[in-house]
Each structure stands twice: as structure tokens, then as C-alpha cells.
Amino acid sequence: MSARVLVGVKRVIDYAVKIRVKPDHTGVVTDGVKHSMNPFCEIAVEEAVRLKEKKLVKEIVAVSCGPQQVQETIRTALAMGADRGIHVEVSGKDYETLGPLQVSKIMAALAKKEEADLIILGKQAIDDDCNQTGQMTAALLDWPQGTFASELTLEGGKLKVVREVDGGLETIMINMPAVVTADLRLNTPRYATLPNIMKAKKKKIANVKPADLGVDVTSRLEVLNVDEPAQRLAGVKVETVEDLVGKLKESGRI
Amino acid sequence: MNSFRQALRLISPRLLFTYGRCRRYSAKTGAVERAITSFRSVSGDEGVSVGSAVREQHGRDESVHRCLPPDVVVFPRSVDEVSALAQICHHHQLPIIPFGTGTGLEGGVGALQGGVCFSLRKMDQVLDLHQEDFDVTVEPGVTRKGLNSYLRDTGLWFPVDPGADASLCGMAATSASGTNAVRYGTMRENVLNLEVVLADGAVLHTAGRGRRARKTAAGYNLTNLFVGSEGTLGIITKATLRLYGIPESMVSAVCSFPSVQSAVDSTVQILQAGVPIARIEFLDDVMINACNLFNNLSYAVTPTLFLEFHGSSKSMEEQVSITEEITRDNGGSDFAWAEDEETRSRLWKARHDAWYAALALRPGCKAYSTDVCVPISRLPQIIVETKEDLISNNLTGPIAGHVGDGNFHCLMVLDPNDPDEVQRVHSFTERLARRALAMDGTCTGEHGVGQGKRALLREEVGPLAIEVMQGLKASLDPKNLMNPGKVL
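All of these numbers come straight from a predicted model, not from anything done at the bench.

Summed over all chains, the structure comprises 43 salt bridges over all chains. A salt bridge links E89 of chain A to K209 of chain A; its shortest N-O distance comes to 3.4 Å. With E89 of chain A in strand β5 (residues 84-89) and K209 of chain A in the loop between β11 (205-208) and α7 (241-250), this pair connects stretches of sequence that are 120 residues apart. E89 of chain A sits in the partly exposed class, given a relative accessible area of 30%. The salt bridge involving D133 of chain B is made with R212 of chain B; its shortest N-O contact spans 2.8 Å. Placement of the pair is D133 of chain B in the loop between β5 (126-130) and β6 (135-138) and R212 of chain B in the loop between β9 (203-205) and α10 (222-226), with a sequence separation of 79 residues. On the basis of relative accessibility, which here comes to 35%, the residue D133 of chain B falls in the partly exposed class. You can call R212 of chain B partly exposed: its relative accessible area is 29%. Connected through salt bridges with shared partners, the residues E46, R50, E53 and R190 of chain A together with E342 of chain B form a single ionic network.

Given below as C-alpha cells:
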């Protein structure tokens, strides 16, 4: 099969870091904080690599949008097995306000330019939890979408996707080209090994600007305020059941 | 030599008297109350706790030793705070008990004489990663899985794997080992430097501040003195660790054997063949049966080896085929292997869930893991004798072992409310330890001495070595404040 897969990878604050809100409440502290590839994007890359190992896919292109640092994230995707990377340069204020709508326009433009047959994305990013980019990309391209994929198989030129939904698992059959978003149980991503990290240094990363793709990255959204969740208060001990019921009534819980 | 021994004899009676005291010195003199005010001025109100739930949490680990809560728990955030708090304890003569993750198996954190537990979980930074030098420095709140998660994009990992998600500095303190030791060594081989706060608050860098040479011939090996000291010589506040490259490929395999002897023979031959095996785990028939029941598997109920190979993808096939041939020559059967993550996990599930499978044999009971280690050639004999001992004493003790190191564990499942069974288990473990000692082995391969093996340590190393250890202890901690009642 000569399919080309586009995989989107996002650089986010590492999941193990304790997040702190900036004193001016415009966002969270990112300076000097450990960043890594969004865990769902890791799963997306892993799935693409497995498809290539099964010889169902010919080439994997890893894409990331952002400033210079996102090249590290693309390199990790290359070390996991992607063939080449595309760095869409977005920096400064544009990067701070970059969201699913702009990214999906960029992915759609790249999909056409690279003649991709399949786009695999993580279902959501762990910093904004939007869960929108995959769906918007499919809509812009007018392609079918298989979101929250926990299983993906190619059957005779079509994609069978098992989706994790609230009621359980839903299996759908969609035509290619298509957009798939990866859910947690799709696979367990491999670690980038040292030999593969070495090999990845030789793989190419192309630089592209959003304007080159005809995409305007101005945001229509303005973040008004970012706050921490309310601090957990100490509990109150009561002596008797009557006291407990009384307190619950007082606070309007019953 | 003679004058040295005479000097030790002058010190040791005083030490013996101190060790003999079990009453809570702190409660008697009210020293704790006076110290707490000073603690709060160092660590703030949030950094000091006398709540009974918090104290109980810090008075127990994952062993069967009963909970012995400290008088107070402090939560320092930096080595300077640890030093200041230690100085306060030193001034008031309060015992100091370092606490990492509480995942120990020998009661190492029990506050036998009360005192102050230093919970180090707030010091949780990974400092100074040097990728090209394969070293990293971590604080005590960093756990093994936490570090490997931090390192995942670098292609490096820290392979010492004792099972639990333990604090790395805690692992250094107990000289932890694990399933990977046959290939990557234990903590003894993988700690390059330690920052330790001594009982009087002094901060010691065992190999010199910031030093991380991969090898050194400089002076006495203080780093390895503290590795395995179980909190009795100082509080470890930083550890510099040796890292390894994540192997390009991992393959797991399982093989059944007609006897313990054939499984061990295979192990020896695999090692002799130069196969760089990463894990060789042995499960006896009782354990396999427990795993079958627990996980709905259908392994043949007979001694079984679980193997894991690490290396380049090209070398995997060769390693697997050499090993398969060896196992076949020794009567092994049902050799199964897998390379992808999910199938490997399935193959190894039996080994991973061994503890729970053992517990499930008798619901409502607790489990205690024995831990002896003998030269590999003596393993078949000791396992056979141990199984006979288990059967004749009507004890439940499925066996799992790191057979590549000669180390095995009997997972004793017992009813803690049955004093007769408790006594029989206790006697059994003593017999087992002495059996291992008689075969040139050790009474603890990886769990440490803690509270329960102090007498066995004396039998193992002999009275002179104990005197030397006591001398070192007296030199570093003359007031015996550091984790009293453990190791010696």
C-alpha cells in the first residue's frame, strides 16, 4: 500500500509537572517547565508506526505547530519511527493564542499539499482538553472521521474503527482518506531508544509558515482569566448524627 | 588490630546499652513538645504534623511488622531544612527516621523509640541530567517510575526494578535490587554519589560535591557505606545515579520445566553462553497454580522460567534461538516468546501478579516475603529443601525467584490472627535463613535487615564485622539517633 500518513504532535507541559498559574492570571507558567509530547499524540505516532511495520502505510510525516522548541517534539516522533517532519512556525502572541481552529486549517492545508491518505491525531491535548482539532480537520477536508479510536484496522481500502463512547464500544467502517483521533487504549507507545534517537537526527524536518499554506492564525478567542481551582478546605468534625444532618441542611445540601 | 578491638570494646558496651533501651526517651522528657516549636520555625506549620493519621501512615511500610508511629512527622523541602531539623533533633536527643515512599519490606520505618519521622516526599526534583554522561541526580521524593517517565524522551532509563514504585534514595538506603539485576546490577553498582545529612545536621557528599566520574579509586568508598545503611547512618537527600540506554528491542519468553534442577541448569547455561539476558524469573509449581487460578491462565503446573532479553533487534533472534535450544536440552517445553508490548505484558502477567495471586490463595490473610540469596549452583538444593519444609509444616509459601542471582522469595501467606501459624512461619523463615547461610549465602538478598534480621546479620558476617559496623555507626552517629533499632 502506498498510503501516506500525517500525524499531528503537540508540545505540551509534561503530565507529571505541578501546574502553576501566572501571577497575572493570563495563563500558566511555562518558562523553565518540563515539556514533552502530548500523551495522546504519542499514541497517534505509535499507531502510525505500527501501520508502517505491517506495511500498510508507506510514509509517516510528523507535523507540529509552534516556535523553535517544537522541533524537539518532532524529533521524538522521528525517533519513534516517523520518516520526516514538518515544523509549522508559529511564535510569540500567535503561538499563545493558537487553537484547534487554526491548527485544523493548517492540517487540512498540509493534507492536501502532501497528498495524505490518513491523518492520525491525539483525541485531545492535555493542556487545553479541547478535543476539537481532529473533528474540525475532517470537516474542513470533508473527510470521514473515526474519533476516540481504541482499535484501528485497514480492511480492503477502508478503515474499521472501534470507538470508545459513553455507552461502550462502537464499531464503524469509514472510507479513506480519513481522520482518526487516538484514544488511550489504542496502543502502548514505545520509548524512543538511543539508537533510534541517533538515527532520527539524520531525518529531515521542513520549515513552513502558516501564510505559505494560506492560513490566517489570528485567533477569534480572547482568554479573560485563568485561575486555580478553589483550595480544598479542611473538613469539619461533628459529634452526632443530628449535628451532621443539621449542617447538611444549613449548607443547602439536603 | 588488637588496640582497635580494645577501642571498640570500650565503645560497644555503651552502644549495646543504648540499643537495649526500648522505652520512648522522647515521651519521658517532653523533648518532642519543645522541638516541635523549633520544627515549625524551620518548615512552617504545613511542614510539621502530629496528626495521628499522618503519624500512623509514617510508622508502617509494606511488611508485616506492626505500625510504630513516630511522635511527629516533618516535611522538609530542601537539604538546608533537613540539616536544620536534624540539628534540632540532635540537640533534643530525638530519634530521626527517614521516610521515602514507605514501600519497604522489613519494617525499616517503624519508630521503635518514637522520635521524628523525616518524610522527604516534598523534595521531588530531578536535578542535573547529563545525557551524554549517562548520569542524573535526584532528590528523595523522586520515584523509580517517576524518573523513567521523566527520561522517556531521552532514550535513557534507570533499570533497577524492585517491583514497587519506590523512592530512588530509599532504594539506595536499602541497597535495592530487582528482576533486572542479573544484567544491570543492584543499587550498589549504580549509585555514583550521595548527599547525606548526618545525625548532627552536617551535610556530607560521599564522593565529593557534584562529582560524577563513572569510576574512581579515590579514598574509602563512602558512597557504598551509605548504600544499604537503611537510614542508620544518615538521611540521603540526593543520589547521583548511573543511567543506561533503553534497549532497542525487548523480547519476553516463558518456558516450563520438569524440575527445579532443570530450570536452574538452563539458567546457568544461558549465562555461560553469554546471552545478555535481562531477567530470568523462576516460579515454582505452587506459584504457577496460584497464577493460573488468579488470572484464568493455563500454564503447566510445574517449575517455570520467565525470561526477558534486551538488545538490538538483530540480536534478538539469535538470543532467543540459543536460549530455546538450551531449555530444550534441559527438558524444557512450551517455549513461547513475544516482541510487542501487549503480548509481552500478557506473557509476563503471571509473574507481575504473583504477589496478588499468592494472597488470593487464602483470602483474608496477609503475605510475608522471605528473601534469601545463595550461589546459583546451590539454588536447586535450597529450593527443594525449602519446599519439603513448607509441606511438612503445613505452610502456604509459593516461590518466586530471581534465579539469575540465586535469590528467591517464598511468599508466605498467613493468617495474622492465628498465633500458631504466625509462630510456624517465623520459625520457618529462621530455618530458611540459616539454610542459606550454611550454603555460603546471605539472609537478605534485597529487602534489607530492618527490624527482623539483626540476629541473622550477626550470624552471617560474624562478631568482628559487627564490631566494625558498630564502630562506624558510633563514629557517624554517636548518640544513636539515626533510625535506632534497625540493622545492628
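All right, on to unusual backbone geometry then. Residue and element names in this part refer to chain A. Put simply, M176 and P177 share a cis peptide bond, and its omega is 0°. Considering the arrangement of structural elements, one finds P177 in the loop between β9 (168-175) and β10 (178-182). Positive phi values are uncommon outside glycine, yet D129 reaches one of about 55°. Owing to a relative accessible area of 47%, D129 belongs among the partly exposed residues under this scheme.

Glancing now at the pairing of strand β10 (residues 235-242) of chain B. Residue and element names in this part refer to chain B. Counting buried positions over the 8 residues of β10 gives 7, a clear majority of the element. Relative to β10, β6 runs antiparallel, the two sharing 4 bridges. Bridge assignment links V136 to a residue of β10, and that residue is L241.

Moving on, we get to the packing of helix α11 (residues 260-272) of chain B against helix α16 (residues 379-392) of chain B. Residue and element names in this part refer to chain B. At a minimum axis distance of 9 Å, the contact between α11 and α16 shows a crossing angle of 155°. As judged from the angle between their axes, α11 and α16 are roughly antiparallel. Seen from above, α11 lies across α16 with right-handed handedness. Touching V260, Q261 and V264 of α11 are L379, P380 and I383, all from α16. Residue composition of the contact of α11 with α16, by class: 5 nonpolar, 1 polar and no charged.

The subject of this paragraph is the pairing of strand β7 (residues 145-155) of chain A. Looking along a regular strand, one sees side chains alternate from face to face of the sheet. Residue and element names in this part refer to chain A. Relative to β10, β7 runs parallel, the two being bridged by 3 bridges. Bridged to Q145 within β10 is V179. Pairing between β7 and strand β8 (residues 158-165): 6 bridges, direction antiparallel. Within the sheet, the bridge partner assigned to T153 lies in β8 and is K160. Where β7 folds back onto β8 in an antiparallel hairpin, the turn is made up of 2 residues, including G156, whose phi is positive at roughly 55°.

Turning our eyes to something else, we now look at the interface of chain A and chain B. Interface size, as often reported, equals the accessible area lost upon joining of the parts. Facing the 18 residues of chain A at the interface are 15 residues of chain B. Ranking the residues of chain A by area buried against chain B places K34, Y191 and L194 of chain A at the top, with a combined share of 34%. Between K18 of chain A and D124 of chain B there is a salt bridge whose closest N-O contact spans 2.9 Å. At the boundary of chain A and chain B, one finds 8 residue pairs in polar contact (both at pLDDT 80 or more). Among the elements of the structure, β3 (35-37), α1 (39-53) and α6 (194-200) of chain A are those that each provide at least two residues to the side of chain A that touches chain B. The biggest single contributor to the side of chain A that touches chain B is α6 of chain A, with 4 residues. Taken together, the residues that form the side of chain A that touches chain B break down as 6 nonpolar, 6 polar and 6 charged.

All right, on to the UniProt feature "domain: FAD-binding PCMH-type" (unreviewed entry) in chain B then. When the UniProt feature table is mapped onto this chain numbering, "domain: FAD-binding PCMH-type" (unreviewed entry) sits at residues 65-246 of chain B. Annotated as 22% helix and 23% strand, the span residues 65-246 of chain B places its first and last C-alpha atoms 37 Å apart.

This brings us to the sheet that holds strand β4 (residues 116-119) of chain B. All names here are of chain B. Strand order in the open sheet formed by 4 strands is β1-β2-β4-β3, with mixed pairing between adjacent strands. This sheet does not close on itself; its edge strands, each paired only once, are β1 (48-49) and β3 (96-99). Here β3 pairs with β4 via 4 bridges, running parallel. Directly across from I97, in β4, lies its bridge partner C117. Across the sheet, helix α5 (residues 79-92) is in contact with β2 (72-74), β3 and β4; its angle to β4 comes to roughly 175°.

Scoring rules and cut-offs
Residues numbered from 1 in each chain as written. Chains lettered and ligands numbered in written order. Predicted model: local features only at pLDDT ≥ 70, side-chain atom pairs only at ≥ 80, totals over all residues. Heavy atoms only, no water. Salt bridge = Lys/Arg side-chain N within 4 Å of Asp/Glu carboxyl O. Helix = DSSP H or I, 4+ residues; strand = E, 2+ residues; numbered from the N terminus. Buried < 20%, exposed > 50% of the residue type's maximum accessible area, 1.4 Å probe, protein only. Pairing = 2+ DSSP bridges. Axes fitted to C-alpha atoms, helices over the stretch in contact; angles between N-to-C directions. Parallel < 35°, antiparallel > 145°, perpendicular 65-115°, else oblique. Left-handed = near helix turned anticlockwise from the far one by under 90°. Contact = heavy atoms within 4.5 Å. Nonpolar A, V, L, I, M, F, W, Y, C, P; charged D, E, K, R; others polar. Buried area = accessible area lost by both parts, 1.4 Å probe. Polar contact = N/O pair within 3.5 Å; in protein donor to acceptor, adjacent residues only side chain to side chain. UniProt positions renumbered as here; feature names shortened; annotations may be inferred.

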